[in-house]
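Next come the chains, spelled out residue by residue.
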Amino acid sequence: MLRSEHRRGIGWFRRYVVFAFIAAALLLFYFWLAYRSPVPAHLAGTGADPLTFMSADEAARTAEFSVYRDTLFFVGYFWEWGVLVWLLVSGFASRMLRRMEEAIPRTVFRFPAYMAAMMAVIFVCSLPVRLISYGLARHYGVSTLPLAGWFRDQIVNLCVETALMTAVFAVVFLLARKKGALWFKLWLLSVPFILFYTIVRPVVIDPLFNQYEPLADPKLERAVLEMTDRAGVPAERVYMADYSRKTNAINAYVDGFGPSLRIVIWDTALQKLTEDEILVLTAHEIAHYVKHHLEWTAAGEIASAFFMLLISERLLRYAVRKWGKTLDIRSLADWSALPVILLLF
């Protein structure tokens, strides 16, 4: 990059940092107000009132945790976007690519190496926010996962994301070299990908993070399956997931599609709830299936991908045309455009 263009890029980054700080402060203030607001008078003393099932101190501590958790959720996005902006304006992404072009001549090896390196850099730069989030959950007694176990999950997640992103972006950059509407080609490919991922994730990816076993209590399993049968849910087995080694939270869910459809109950629910309470919790999750929420979620992802890809390609072409020289991006198919694509998509 030329010195003047580098200074311009650093100026962009500084403005973004100021924006992120202001946005984070406003979010913190908003959530503080939201969680400190009293329960409406007509709901006081009802099941919607936290004071009917927890003490005043517990309610205050829960509200405090929620303020920090929700603020940190959005701060994580601002932070990661900041990392991507820095990779662009500092010239780090383009310099890494140029060096790899010299060191690894064959594209078939260079592209996975570049993706792995970029994902590793983003991961390391994002660790501070992730560690704060983990520490927050530990401090408030939500997480039970030791630091070593937490870090193990982070590394596994990094490997899974790197493999998926490498496959996806190999297609993106390949199609970017062709003529025609890139966004429409990607959208057509996204439809089978979303459906395939929905089917495969519960049986291939989820077991990398938790152990899933058939429900050990046959009486409870029969009760759940009788309920699913009455609701018209074609689930044949109920699984237990070992979340107690990670969290004190309670949950159950219906997941998957077609052959991977399953009902999963966290072992924390089995340990802390009565059978009737477990059935109520599971009934809520079954209702998601009955109301076709899984299908609506997939349809929503496909529909949003249509508009997101359309808008993102236009913004990407505009960014490359206007700031390509400043950012050292030679074309839409230039791999150094990866941070821009991640920002837009």
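This text follows the structure it describes.
Presented here is an overview of the structure given in this document.

What counts as what
- Residues numbered from 1 in each chain as written.
- Predicted model: local features only at pLDDT ≥ 70, side-chain atom pairs only at ≥ 80, totals over all residues.
- Heavy atoms only, no water.
- Core = buried A, V, L, I, M, F, W, Y, C linked by side-chain atoms within 4.5 Å.
- Buried < 20%, exposed > 50% of the residue type's maximum accessible area, 1.4 Å probe, protein only.
- Helix = DSSP H or I, 4+ residues; strand = E, 2+ residues; numbered from the N terminus.
- Pairing = 2+ DSSP bridges.
- Axes fitted to C-alpha atoms, helices over the stretch in contact; angles between N-to-C directions.
- Expected span 1.5 Å × (residues − 1).
- Arc of directions from axis to C-beta.
- Contact = heavy atoms within 4.5 Å.
- Polar contact = N/O pair within 3.5 Å; in protein donor to acceptor, adjacent residues only side chain to side chain.
- Parallel < 35°, antiparallel > 145°, perpendicular 65-115°, else oblique.
- 1 Å grid on protein atoms, 1.4 Å probe; cavity = no way out; pocket = protein on both sides within 12 Å on 5 of 7 lines; lining within 4 Å.
- Points joined across faces, edges and corners; volume = space filled by probe spheres on them.

## Details of the nonpolar core
Here comes step 1: Of all hydrophobic cores here, the largest spans 42 residues; its most connected members are Tyr114 and Phe169.
Here comes step 2: Only helix H2 (56-89), helix H3 (92-103), helix H4 (107-139), helix H5 (147-176), helix H6 (182-204), helix H10 (293-327) and helix H11 (338-344) provide two or more residues apiece to this core.
Here comes step 3: At eight residues, the largest contribution of residues to this core is made by H10.

## Overview of unusual backbone geometry
Here comes step 1: Even without glycine at this site, His292 takes up a positive phi of about 60°.
Here comes step 2: Looking at the element boundaries, His292 is found in the loop between helix H9 (275-290) and H10.

## Observations regarding the sheet that holds strand S2 (residues 238-241)
Here comes step 1: Pairing in this open sheet of four strands is mixed, and the strands run S1-S2-S4-S3 from one edge to the other. Both outer strands of the open sheet, strand S1 (212-214) and strand S3 (252-255), are each paired with one neighbouring strand and no more. On average, each strand axis in the sheet is inclined to that of its neighbour by 30°, with strand direction left out of account.
Here comes step 2: For S2 and strand S4 (residues 262-266), the ladder comprises four bridges, and the chain directions are parallel. Note on S4: the bridge partner recorded for Met240 is Ile265.

## Section: helix H7 (residues 218-231)
An α-helix turns once per 3.6 residues; consequently, residues spaced three or four apart project the same way.
Here comes step 1: Its 14 residues give H7 an end-to-end C-alpha distance of 20 Å, which sits within 8% of 20 Å, the value for a rise of 1.5 Å per residue.
Here comes step 2: Within H7 the residues assigned to the buried category are Leu220, Glu221, Ala223, Val224, Met227 and Thr228. For H7, the angular spread of the buried residues around the axis is 160°, confining them to a single face. Among the exposed residues of H7, those oriented more than 90 degrees off its buried face are Arg222, Asp229 and Arg230.
Here comes step 3: In this structure, the buried side of H7 is in contact with S2, S4, helix H8 (267-272) and H9.
Here comes step 4: One side-chain oxygen of the residue at the start of H7 lies 3.0 Å from the amide nitrogen of Lys219, identifying that residue as Asp217.
Here comes step 5: Of the residues flanking the end of H7, it is Gly232, one or two places downstream, whose phi is positive at about 80°.

## Examining the packing of H2 against H4
Here comes step 1: Relative orientation of the contacting elements H2 and H4 amounts to 170°, with a least axis distance of 10 Å. It follows from the interaxial angle that H2 and H4 lie roughly antiparallel. Mapping the contact onto sequence places Arg61, Phe65, Tyr68, Arg69, Leu72, Gly76, Trp79, Glu80, Val83, Leu84 and Leu87 in H2 and Met118, Val121, Ile122, Cys125, Ser126, Pro128, Val129, Ile132, Ser133, Leu136, Ala137 and His139 in H4.

## Observations concerning empty space enclosed by the protein
Here comes step 1: Evaluated as defined, the whole model comprises one cavity of 30 Å³ or more.
Here comes step 2: Approximately 30 Å³ is the volume found for the largest cavity.
Here comes step 3: Forming the walls of the largest cavity are Leu87, Leu88, Gly91, Ala93, Ser94, Leu327 and Ser336.
Here comes step 4: Broken down by secondary-structure element, the contributors of at least two residues to the lining of the largest cavity are H2 and H3.

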